[in-house]
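Overview (structure and organization)
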Amino acid sequence: MARPRVGVLSLQGDFARHGAALAGLGAEPVRVSRPEQLRDLEAMIVPGGESTTMLRLLEATGLRAPLEAFVRSRPVLGTCAGLVLLAKEAGELPAPTLGLLDVSVERNAYGRQVDSFSCPIQVPALGGPFDAVFIRAPRIRRVGAGVEVMACASDGEPVAVRAGLAAGLAFHPELTPDRRFHRWFLTELAGLALPAERAGAATAQGSGGRA
Amino acid sequence: MDQNEQFRIKVGLAEMLKGGVIMDVMTADQARIAEESGACAVMALERIPAIIRREGGVARMSDPRLIREIEAAVSIPVMAKCRIGHLAEAQILEALGVDFIDESEVLTPADEENHIAKQGFKVPFVCGCRDLGEALRRIGEGAAMIRTKGEAGTGDIVEAVRHMRSVQQEIRRIQGLRDEELMAAAKQLGAPYEIVLQVRALGKLPVPNFAAGGVATPADASLMMQLGAESVFVGSGIFEVGDPDPKKSEEQRRDQLRMARAIVQAVANYDKPEILAQLSEGLPKAMKGISAAAIPAGEQLAKRGW
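Not measured: the values here are computed from a predicted model.

Re the overall build of chain A
- Each helix and strand counted, chain A has 6 helices and 12 strands in total.
- For 211 residues, the compact-globule estimate of 2.2 N^0.38 gives 17 Å, and chain A sits close to it at 16 Å.
- In terms of its C-alpha atoms, chain A occupies a principal-axis envelope of roughly 45 × 40 × 35 Å.
- Buried positions account for 62% of the 211 residues belonging to chain A.
- When contacts within chain A are restricted to residue pairs at least 6 apart in sequence, those whose partners lie at least 24 apart make up 65%.
- Here chain A has roughly 7,500 Å² of accessible surface; of this, 49% comes from carbon and sulfur atoms.
- In chain A, 23 positive and 21 negative side-chain charges are present, and the distance between their average locations comes to 4 Å.

As structure tokens, then:
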């Protein structure tokens, strides 16, 4: 069975961790930093990193227009800075966001790195709690009509949203060994069939260093 | 939150900085130039290494006012340096809300034997290394990011290359060892055994590894990425560019922004020589620098760290 080719925007940020997560689930991760690399991809992940850096590099590499066209018609998952890039409004930035998800986000809205944290969140689509890691994370301040809230933090604030073929998370599922969110994205949202997973792959990857 | 979870969050920020450029800045305006160029973080300090080298004297943590001004000026992460072993400076930097502390050999060491016990802090630390043993000792103390040391403030890449090659060669050697050889390897490296095991399993350091010291051109940045760096720090390579004559400050700002942009794009395109050629064309003159070989052993910053 062919492995589905899934792109990871690789201009800056933690694209390697998303790539490892995809490989662990039997997909073929493809690093995307040039327009021609978008060819023959089934879906796309926009990772965490610095949104201002990524927006500038999107312009400089000529990747912006082709990426925008791709995510308007194909499945896309944005995490943290990736959510910022997919959002309709995200405050003052060096270039407009892609505007795919009708939400307003506020960058670094929990504070600085000393305010970064992890906590379990309830995700009905995954059938229960999920350990979410928030790093200088954005907050979702407004959710537009037609956008579904997938998960809220304990204070009731939305931290995961989806609309059509796009999903955006304020946290980092790639930093924990739990692959349910990536699997949900590939199989449920993108409708891809995954080959049998490599034994143990879901737990062997990236435990954040010292397990 | 337990220490493993805390460490995951610290390393998480280091992961987010990968593929980016972290720039030394001395003023809020330089921080804005860095952000405008696409830097993924800035390092706030009073004197960039080239100036420390010229002026001499004891180099210490920056004035908190400068750090606050820089934090207020940009939305990207702000790092700051403390002296090796100076845990009080580190506590102050944590209280200031810096996003990463660099326990740095560029400042005058406060302790010639011990580094800071970094696990106890909420803020993540980056530390320099010249070889694998030094890297793993720092990770054992709780560093969430490693940077291989170059000779800071020289504009000469040779030491950064030497130390990156040394780390990568030693990692490859560890990968080839049998179980019963790993304790002897740990002993020889002076490194914690458990982390040596992780290095063998991962084939890389268990935390991100960036390059620092001597990066002055887009080609230098590409070289370090090709040798295995996951990102680069640029210290003096940007704000030593251009004519320092105050009458030409606009011109100098433009030159610095151009060099900064070119290095940011060089890291993102490090494996595409045709793009690197475009980026390198007609750039402002890189910092004059000083050959690392011309620096007497006693004045080499990279040798600090134990």
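Description of the overall build of chain B
- In terms of helices and strands, chain B carries 13 helices and 8 strands.
- For a compact globule of 306 residues, the expected C-alpha radius of gyration is about 19 Å, and chain B comes in at 18 Å, within 12% of that figure.
- Its C-alpha atoms give chain B principal-axis dimensions of roughly 65 × 45 × 40 Å.
- Split into buried and exposed, the 306 residues of chain B put 61% on the buried side.
- Total accessible area on chain B is roughly 11,800 Å²; 48% of this is exposed by carbon and sulfur atoms.

Focus: the packing of helix α6 (residues 132-141) of chain B against helix α9 (residues 193-202) of chain B
Residues and elements named next belong to chain B.
- Look at α6 against α9: their axes get within 10 Å of each other, and the N-to-C directions meet at 115°. As for how α6 packs across α9, the hand of that crossing is right-handed. Between α6, through Leu136, Ile139 and Gly140, and α9, the contact on the second element is made entirely by Ile195, Val196 and Val199.
- Partitioning the contact of α6 with α9 into residue classes produces 5 nonpolar, 1 polar and no charged.

Comments concerning the pairing of strand β2 (residues 41-44) of chain B
Residue and element names in this part refer to chain B.
- The side-chain alternation of β2 yields two buried faces, one formed by Ala41 and Met43 and the other by Val42 and Ala44.
- Alignment of strand β1 (residues 21-25) against β2, held across 4 bridges, turns out to be parallel. Note on β2: the bridge partner recorded for Ile22 is Ala41.
- Handedness of the β1-helix α2 (residues 28-37)-β2 crossover: right-handed.
- Summarising the sheet, β2 and strand β3 (residues 78-83) pair through 3 bridges and their orientation is parallel. Of the residues in β3, the one forming a bridge with Met43 is Met79.

Regarding the packing of aromatic side chains
All names here are of chain A.
- Here the structure, examined in full by the defined rule, presents 10 aromatic pairs over all chains.
- Plain terms: the ring middles of Phe181 and Trp184 are 5.9 Å apart, the flat faces sit at 80° to each other, and that makes the pair edge-to-face. Within this pair, Phe181 and its partner Trp184 are both found in helix α5 (residues 180-189), separated by 3 residues, close to a single helical turn.
- Cluster of aromatic residues (ring-pair linked, three or more members): Tyr110, Phe117, Phe130, Phe134, Phe171, Phe181 and Trp184.

Brief notes about unusual backbone geometry
Residues and elements named next belong to chain A.
- The phi torsion at Asp40 lies on the positive side, around 60°, for a residue other than glycine.
- Looking at where Asp40 falls in the secondary structure, it is placed in the loop between β2 (28-32) and β3 (43-46).
- Assessed through its relative accessible area of 63%, Asp40 is described here as exposed.
- Positioned with a positive phi, Asn108 is a non-glycine residue whose angle comes to about 50°.
- Among the structural elements, Asn108 can be located in the loop between β6 (101-106) and β7 (117-123).

Quick notes on the nonpolar core
- Leu9(A), Phe171(A), Phe181(A) and Met224(B) are the most contacted members of the largest nonpolar core, which has 170 residues in total.
- When residues of this core are assigned to their parent elements, the largest contribution, 7 residues, is made by helix α12 (residues 249-268) of chain B.
- Residue contacts for Phe181(A): discarding those within four places in its chain leaves Val123(A), Leu126(A), Phe130(A), Met150(A), Ala160(A), Leu169(A), Phe171(A) and Pro173(A).
- Among the nonpolar cores identified, the runner-up in size contains 6 residues, and Ile52(B), Leu107(B), Ala152(B) and Leu301(B) belong to it.

What about the pattern of salt bridges?
- A complete count under the given rule lists 39 salt bridges over all chains for this structure.
- Linked by salt bridges that have partners in common, Arg17(A), Glu15(B), Lys18(B), Lys204(B) and Glu230(B) make up one network.

Concerning the sheet that holds strand β5 (residues 87-89) of chain A
Residues and elements named next belong to chain A.
- Strand order in the open sheet formed by 3 strands is β5-β6-β9, and the pairing between neighbours is mixed. The open sheet has two free edges, formed respectively by β5 and β9 (139-143), since each of these has just one partner strand. Each adjacent strand pair in this sheet contributes to an overall mean axis angle of 55°, direction not counted.
- In this sheet, β9 lies alongside β6 in antiparallel orientation, the contact comprising 4 bridges. Paired with Val103 across the two strands is Val143, which belongs to β9.

Things to note about the interface of chain A and chain B
- On the side of chain B, 45 residues touch chain A, which itself brings 38 residues to the contact.
- A buried area of about 3,200 Å², summed over both sides, lies between chain A and chain B, and 55% of it is on carbon and sulfur atoms.
- Our count for the contact surface shared by chain A and chain B stands at 4 salt bridges.
- Here Asp99(B) and Arg112(A) are joined by a salt bridge, their closest N and O atoms 2.7 Å apart.
- Across the contact surface, chain A and chain B share 21 residue pairs in polar contact (both at pLDDT 80 or more).
- The element that contributes the greatest number of residues to the side of chain A that touches chain B is helix α2 (residues 51-61) of chain A, accounting for 6 residues.
- Considering only residue class, the side of chain A that touches chain B consists of 10 nonpolar, 17 polar and 11 charged.

Each value, and the rule that gives it
Residues numbered from 1 in each chain as written. Chains lettered and ligands numbered in written order. Predicted model: local features only at pLDDT ≥ 70, side-chain atom pairs only at ≥ 80, totals over all residues. Heavy atoms only, no water. Helix = DSSP H or I, 4+ residues; strand = E, 2+ residues; numbered from the N terminus. Rg over C-alpha atoms; globule rule 2.2 N^0.38 Å. Buried < 20%, exposed > 50% of the residue type's maximum accessible area, 1.4 Å probe, protein only. Contact = heavy atoms within 4.5 Å. Areas by Shrake-Rupley, 256 points an atom, 1.4 Å probe, with all protein chains shown as cover. Lys, Arg positive; Asp, Glu negative; His and termini not counted. Charge placed at Lys NZ, Arg CZ, Asp CG, Glu CD. Axes fitted to C-alpha atoms, helices over the stretch in contact; angles between N-to-C directions. Left-handed = near helix turned anticlockwise from the far one by under 90°. Nonpolar A, V, L, I, M, F, W, Y, C, P; charged D, E, K, R; others polar. Pairing = 2+ DSSP bridges. Right-handed = clockwise from strand over helix to strand, strands pointing away. Phe/Tyr/Trp six-rings, centres within 6.5 Å; stacked < 30°, edge-to-face > 60°. Core = buried A, V, L, I, M, F, W, Y, C linked by side-chain atoms within 4.5 Å. Salt bridge = Lys/Arg side-chain N within 4 Å of Asp/Glu carboxyl O. Buried area = accessible area lost by both parts, 1.4 Å probe. Polar contact = N/O pair within 3.5 Å; in protein donor to acceptor, adjacent residues only side chain to side chain.

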